Structures are given as structure tokens and as C-alpha cells.
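Okay, here's what each chain looks like letter by letter:
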Amino acid sequence: MLSKWLAEREHYVLERSINRHREQGTGMNNHRGNGAGGYMKHPTQRRYDAVVIGAGNGGMAAACQIAVKGKKVLLLEQHNIIGGFSTSFVRGRFEFEASLHELCELGPASDKGILRRMLDELGVEVDWIHVPEAYRLIVASQGIDVVLPFGVNEFIDAMEGYVPGSKKAVRLFFDLAQEACEAMYHVQDLQTRVRDLSKPYMLRNYPNFLKTGAYSVEEVFEAVKMPQRARDILSAYWCYLGVPLTRMDFSFYGYMVYEYIRRKAAIPRYRSTEIALAFGKRIQECGGEIECNTRVEKVLVENGQVKGVKTSLGETILTTQVICNASPYHLYQHMIEPSSEVPRRALQELSGRRKSISGFIVFLGLDKSPQELGLKDYSYFIYDIMDTEKLYNDLHLPGRPTMQATVCLNNALPDCSPPGTTILSMTVLPKPEAWKGATAENYYSMKSETAKAVIESFEKGTGTSVSEHIEEIEIAAPHTYARYANSYQGLIYGYETYGWDGVIPRVMMMEADQLIRGLRIASAYGARSLGYSSAMLNGRTMALYALEEMGRNPGAHA
């Protein structure tokens, strides 16, 4: 059984953490506060080359990179399992994926994307399964119901079939997107540190990237004379970035679309928990340490330099390198000790950058198979309209969602649930303020009414009836993410990415954006922004910077 397999893997990851507490006498009973807000002293203080706060995607990747290089690293996680959003949960007969829809940047062995190359270099082994189609887009008000395939040429041909006369414009869009993808790979090449970002080099190799990089997706659509219906179809992925295409940088959107279509999207065979456990296994194989049920309360700073961390177990751990997978809001407002060491610029950035979106997911276990329900596709985008500016504004409002991204897991993994059943995950992406009106008295009714509206929208769009076949249902709102993932205001995407705060400016400013020496951000708030793969790559990049600093100051580490 899948659950038994996962339990065995979890046991392997956590066993050494538990044993370390036992061996050192540092179990929970030995870490009680002294009643005056202080901490009990330990006979000895542990020291590490690096401490990673939070075992989410970015934290796991950072810890793994440091461990692979033979450095002494400690990964601390407040939950009782590692993974963060990379996890699954069971209700009745069904094992639900907590958040992941699919990943790009992987590709097959013959055409590896940046994420697969990273995982291979780190030795992290995951059984990837490609999903069958790029997406199905349904916009009933505009008469759109299309299914798009993977493969650039196949996608372009399908678009020509749906929108006759669009082929030339769509081809040009993908040519520009390919160059944006290649240029961004070059800009982000931090492992080798061989990056020529001079104007002559970039003009010679990526001239169109420099021309389009400052423009929005809508402006590029206009420039290539994209027919409106083709624009609407190409806009389907926009909700995965949380910024309307009138403001979304073409370089970022083009990069994402090209990666999805060229290399296909993939999911782990055993839910995203498999990703977490593969990272945990590799970290420990390389000598890294993982401790769960341990929250980092404070990051100790002296004269602008990290000195260590204090944990919820009462221990002070010494290090000069901390990689933080928590949000900058929590880090700079609550964790830096003393608070006088918080740079003014950090607080200015917290108020000056736009918070992105949260999640609302309806998890359904149905007592009929996809075939019986008439569900043929894996990925469904269902929108009221395709005006991304209006859809974005609607994210701020409570009530009926105007868009959703739903996956039918069985159409990629037929055996993911018992025979004759189906797993559906219906996702909408509200702004946190849409749920500000939730109270203890109305929270349950808000969740239920929103879930009902999401299900009805799916039924209307697809012409199927799923509500009468619900065997299990679970609903996650922004408050759910805030509670279980300790995510600030339930945010899952970090900061919005556009214009001055887009991915390219962030990547170019990574070194300058280190505000405290030895302290770096590895979460979705980092340079590469949102998503599973971006968080992993954020984490690895921060680890590479930390390793470089360790090499310059070897005497300052364990």
C-alpha cells in the first residue's frame, strides 16, 4: 500500500533525528523554559557550518546542496514531518496531494530542464510521471473549450486548428519565449559562476530577450499581432503566477509557458511527499542532520553578522550561515535578536513589496471512476472570462470565485485511488484580504459556500455531475495554510513578480539583497519567486552563495 511505503520512508528520514535527541539527552523534557522567558543552558553548544530554517522545498534543497559538498548542516523543521507544501494527507480511502498540480523545468533524460539537472547533480531520486496534456481551457461565456497538447510544434498546430490564421503569431511567440528561456538559464547560472552579462555578450546571444524583457505579455501579444482568441487561449497559465498579463513580464511568462510546453509537465508518482522524503534521504546520506518538532525562535545577530539560532527546545546553536525558508515578514518582524539588528531596508521592503496570493482548495474523493464521470483530461482551467486584469481584481473579493484550476489525478496516475473512484483537486487563488471577513462564527459557512460555488462552476463548465458522488471532501482556505504551514496570512506565492520586482531584477540583485551577513532567504519570497521548482532552485542558489562564503572564511565555521 502507498501509505505503508510512505510511512517506511518517513521513518527512515526521522529516525536519526529522534536518535540524536536521545543520544545527546536533548529530548523535549530537557528543554522546558525557566518560567521567565529564558532558556536552560546546555552542557555544550552545537556548532554547524550552516543551519537551515524550515524543511519546505527551498530549505530541503539548500540543506541538500550543503550536505553534498561535505559541510556540516542542520535542517530544523517545526512540523513532525519534512516537506512543507510538499506533502499529502489521507481521508478515508483517498490520499490527496496537498498542493502540487504539476512541475515544469524537468524534461526527459534526453532534454533535461534546469530542475532535473539540479536534482540529478544532488543525487535526489524521484519517480516522475508526465501528465497527458498541457491543459484544457473552458470559458463558456466566450465559447472556448479547447485541449492543448505538449510539444511546441504540436501546440502551434493545435492552436491553428482552434484559431485559423494564428500560426505565424503563435510561432513568433514561442520563438521569443525560447530565447527568454535560454537567456534566463544563462543569467541564473550560479553553480559554475561563469556568467557574462555584459551588453555586447547579451546583444550577440539574446538580442530579442533584451528587446522584450521590459515588456508585458499583453504588449508582446500586440507586437506579434496575436489574434484575440489565441491570446485568450495562451493566457490560461496566468493564474499560476498571480499577476495579470497586462503587468506580467513577458520574459517570465514566456519562460514558464515554453518550459511547460517543450519539456512537458510532470508529477511524482507517490505525491509530493516523495519529493520531501527523497531530499531527506539524500541529506542524511551525505551526513546532514534533520530535526523535526523544532521551531527556530530567534536568529542571533551581532554587528550585522549571523552568530546562531535559538530553538523552541531551548537550545542555542552556533553558526555563521543561516538559510531561512520562512517568510521575510516573520523573519524580520519577530526572529532577529536583538531587534536593533534588523536593517531599516528590510522593514521598508516588507511594506513596499506586494504580497501575492493564497490558496483555496477543495479536495474531493468520488465514488465513480473518471470514465464513468466523463472526465477525460488531467488539467482543467475554468474561467468566467479571459480578462486577466478583471480576474485579478476579483481575487481581492469574497464570494464566488471567477476562475479555478482543477486536476483529475487519476488521468495521470490511474492507480492513485481505489478502482472505481476519482480524486479531484479544485484550486482557486484568492488574495488574503478576500478572507479578512472570516470570523470564528462564519468561517465554516464561508468555506462551505465557497466550496459549493467552486464545485458548481466545475460541473457547469465540464457538463459533469460530481457533487452527488462525493465520498470524501476536505477544504483548505488561506487560514488553513496559515495554521498548518505557518505561512504569513496564508500566502503561498510570496511577493508578486512584475516590473521592478520581477524575476530578472531579483536575480541580478541577489548579492546586494543580502541584508545581514550570513542570512539568506530560500522560500518563494526569493529571487526565482513562486512554485515548487522555483523554491527548490532558490534554496540551492542560496546554498551556493553560503558555500562560497564558507570558502572565503573557512575558520568561521564548524
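Please refer to the structure higher up on the page.
Residues numbered from 1 in each chain as written. Predicted model: local features only at pLDDT ≥ 70, side-chain atom pairs only at ≥ 80, totals over all residues. Heavy atoms only, no water.

Chemist: Whenever I open this one, the pairing of strand E6 (residues 135-139) confuses me. Can you help?
Modeler: Side chains on a regular strand alternate between the two faces of the sheet. Counting buried positions over the five residues of E6 gives five, a clear majority of the element. Direction of pairing for E6 relative to strand E7 (residues 144-148): antiparallel, over a ladder of five bridges. In the strand pairing of E7, Val139 is matched with Ile144. Where E6 folds back on E7, the antiparallel hairpin that results is connected by four residues, among which Gly143 adopts a positive phi of roughly 65 degrees. (Buried < 20%, exposed > 50% of the residue type's maximum accessible area, 1.4 Å probe, protein only. Helix = DSSP H or I, 4+ residues; strand = E, 2+ residues; numbered from the N terminus. Pairing = 2+ DSSP bridges.)

Chemist: Which parts of the structure should I look at to understand empty space enclosed by the protein?
Modeler: If a probe the size of a water molecule is rolled over the atoms, the empty space left behind becomes visible. Within the structure shown, the criterion is met by three cavities of 30 Å³ or more. Put simply, the largest cavity is a space of about 70 Å³. Its residues assigned to classes, the lining of the largest cavity shows seven nonpolar, two polar and two charged. (1 Å grid on protein atoms, 1.4 Å probe; cavity = no way out; pocket = protein on both sides within 12 Å on 5 of 7 lines; lining within 4 Å. Points joined across faces, edges and corners; volume = space filled by probe spheres on them. Nonpolar A, V, L, I, M, F, W, Y, C, P; charged D, E, K, R; others polar.)

Chemist: I'm lost on the layout of surface pockets in this one. Help?
Modeler: Of the pockets and cavities examined, the second largest pocket occupies roughly 410 Å³. Along the walls of the second largest pocket sit 23 residues, with Met510, Asp513, Gln514, Ile521 and Met542 positioned nearest its centre. For the lining of the second largest pocket, the secondary-structure elements that each account for two or more residues are helix H12 (328-335), helix H13 (344-352), strand E20 (519-521) and helix H19 (532-552). Broken down by element, the lining of the second largest pocket gets its largest block of residues, four residues, from H19. Tallied by class, the residues present in the lining of the second largest pocket amount to 13 nonpolar, two polar and eight charged.

Chemist: Is there a simple way to explain the side chain of Lys431 in this structure?
Modeler: Inspection of the secondary structure puts Lys431 in the loop between strand E18 (422-428) and helix H16 (443-462). Among the polar contacts listed, one links the side chain of Lys431 to the side chain of Glu496, at a separation of 2.6 Å. What Lys431 contacts, discounting residues up to four positions off in sequence, is Lys355, Ser356, Ile357, Tyr392, Leu395, His396 and Glu496. (Polar contact = N/O pair within 3.5 Å; in protein donor to acceptor, adjacent residues only side chain to side chain. Contact = heavy atoms within 4.5 Å.)

Chemist: Looking at this model, I keep getting lost on unusual backbone geometry. Mind explaining?
Modeler: Where the residue is not glycine, phi is negative for most of them; where a peptide bond is considered, it is trans in most cases. With an omega of 0 degrees, the peptide bond between Glu337 and Pro338 qualifies as cis. Tracing the backbone through its elements, the reader meets Pro338 in the loop between strand E14 (336-337) and H13. The phi angle at Asn293 is positive, at roughly 55 degrees, despite the residue not being glycine. Within the fold, Asn293 resides in the loop between strand E9 (289-291) and strand E10 (296-302). Look at Asn293 and you get partly exposed, because its relative accessible area is 41%. A positive phi angle, near 55 degrees, is found at Gln489, a position not held by glycine. Tracing the chain through its elements places Gln489 in the loop between helix H17 (478-484) and helix H18 (503-508).

Chemist: In this structure, what is going on with the packing of aromatic side chains? I would like to understand it.
Modeler: Given two aromatic rings, their pairing is described by the distance between the two centres and the angle made by the two planes. Applying the stated criterion across every chain yields a total of 24 aromatic pairs. Ring pairs connect the aromatic residues Tyr135, Phe155, Phe173, Phe174, Phe221, Tyr237, Tyr240, Phe250, Tyr260, Phe381 and Tyr383, which therefore count as one cluster. Between the NZ or CZ atom of Arg247 and the centre of the ring of Tyr392, over which it lies, the distance is 5.1 Å. The side chain of Arg247 reaches across the aromatic face of Tyr498, ending 4.8 Å from its centre. (Phe/Tyr/Trp six-rings, centres within 6.5 Å; stacked < 30°, edge-to-face > 60°. Lys NZ or Arg CZ within 6 Å of the ring centre and 35° of its normal.)

Chemist: How should I be thinking about the packing of helix H5 (residues 167-187) against helix H10 (residues 250-263) in this particular structure?
Modeler: The description of two packed helices rests on the angle between their axes and on the distance between the axes. Remark: H5 packs on H10, axes separated minimally by 8 Å, with the N-to-C direction vectors making an angle of 100 degrees. In this view, H5 runs roughly perpendicular relative to H10, as classed from their interaxial angle. Across from Phe173, Phe174, Leu176, Ala177, Gln178, Ala180, Cys181, Met184 and Tyr185 in H5, the residues of H10 making contact are Phe250, Ser251, Phe252, Tyr253, Gly254, Tyr255, Val257, Tyr258, Glu259, Ile261 and Arg263. (Axes fitted to C-alpha atoms, helices over the stretch in contact; angles between N-to-C directions. Parallel < 35°, antiparallel > 145°, perpendicular 65-115°, else oblique.)

Chemist: Would you mind showing me how to read the nonpolar core here?
Modeler: Grouped burial of nonpolar side chains is what soluble globular proteins tend to show. If you look at the biggest cluster of nonpolar residues, it comprises 135 residues, and the most contacted ones within it are Leu137, Phe174, Tyr237, Tyr253 and Phe279. Once residues within four sequence positions are removed from consideration, Tyr237 is found in contact with Glu102, Ala134, Tyr135, Phe150, Tyr253, Met256, Val257, Tyr260, Ile261 and Phe381. (Core = buried A, V, L, I, M, F, W, Y, C linked by side-chain atoms within 4.5 Å.)

Chemist: Quick question: what am I supposed to make of the pattern of salt bridges here?
Modeler: Opposite charge on two side chains makes pairing possible when the charged atoms of those side chains draw close. Enumeration according to the criterion identifies 33 salt bridges in this entry. Note that Arg263 is salt-bridged to Glu259, the shortest N-O span being 2.4 Å. In this pair, Arg263 and Glu259 both sit in helix H10, four residues apart, roughly one turn of the helix. For the pair formed by Arg263 and Glu259, the shared burial category is buried. Arg506 is the partner of Asp501 in a salt bridge, and the nearest nitrogen-oxygen pair spans 3.2 Å. This pair shows no difference in class: Asp501 is buried, exactly as Arg506 is. One salt-bridge network, in which partners are shared between bridges, spans Arg345, Glu349, Arg353, Asp501, Arg506 and Asp513. (Salt bridge = Lys/Arg side-chain N within 4 Å of Asp/Glu carboxyl O.)

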